[in-house]
Amino acid sequence: MSTKLKIISLLVHISILVTLISPPITDASPTSSILITELQTGQGSNEFVEFENTSESTIDVNDWRLQYHSSSSTTWITKTLTLTDPLISLVKSGDRALLLANGYTPLGTDPIARFASGFADTGGSVRLVPNPGLDESRGDRLNWGTADAPICSIAPKHSSGQSLKRYPSGDGVIVDSS
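About the criteria used
Residues numbered from 1 in each chain as written. Predicted model: local features only at pLDDT ≥ 70, side-chain atom pairs only at ≥ 80, totals over all residues. Heavy atoms only, no water. Core = buried A, V, L, I, M, F, W, Y, C linked by side-chain atoms within 4.5 Å. Buried < 20%, exposed > 50% of the residue type's maximum accessible area, 1.4 Å probe, protein only. Helix = DSSP H or I, 4+ residues; strand = E, 2+ residues; numbered from the N terminus. Contact = heavy atoms within 4.5 Å. Pairing = 2+ DSSP bridges.

## A short note on the nonpolar core
One finds Phe 51, Leu 66, Leu 99, Phe 119, Val 126 and Leu 128 to be the most contacted residues of the largest nonpolar core, which totals 24 residues. Elements that contribute at least two residues to this core include exactly strand S1 (34-40), strand S2 (48-53), strand S4 (64-70), strand S8 (96-101), strand S9 (113-115), strand S10 (123-130) and strand S11 (140-145). Residues in contact with Leu 66, not counting those within four places in the same chain, are Val 49, Ile 77, Thr 78, Lys 79, Leu 81, Leu 99, Phe 115, Phe 119, Val 126, Arg 127 and Leu 128.

## Overview of the side chain of Ser 55
Note that Ser 55 resides in the loop between S2 and strand S3 (59-60). A residue is classified by how much of its surface remains accessible, and Ser 55, at 13% relative accessible area, is buried. Beyond its immediate stretch of four places on either side in the chain, Ser 55 contacts Ser 33, Ser 93 and Gly 94.

## Re the pairing of S8
In terms of residue burial, S8 counts as a mostly covered element, since 5 of its 6 residues are buried. In the sheet, S8 pairs with S9 via 3 bridges, with the strands oriented parallel. Paired with Leu 99 across the bridge in S9 is Ala 113.

Here's what the structure looks like:
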């Protein structure tokens, strides 16, 4: 075998060896799997949270928790999510799901789960995050009104009877409006 062929053969073997022992390249920064798209607060039981599954896979609502804290508190209160149909807890990629406060039944809605009401109309923070032990960075948080928000921006306080809506602007920025 000529010297040239020996060098080529050696380079091929080295290339194969490097490929076999190198760790796979992965995304080091996980992205949110959901976006809270709409929130209505402070009207007794007339409260709801709508979210969109922005991931590329189906998520199970049983693996998530809804949490809230008022503008005067920093302690997160977990709102127990009660599935409206125990057999339906999956939200497909790109789909939206509705969480309604107990006792609130607007016409034409089909909530995936219910929770105990109690969001302050004046301001606070709500987040939907995976259960403990799962990657919390996959969740989303929405602050409104007089919320103290060291992590994300504060949406304006919405008028009574209106909801706060969020949508991507096309350039990666989330726009909050009422």
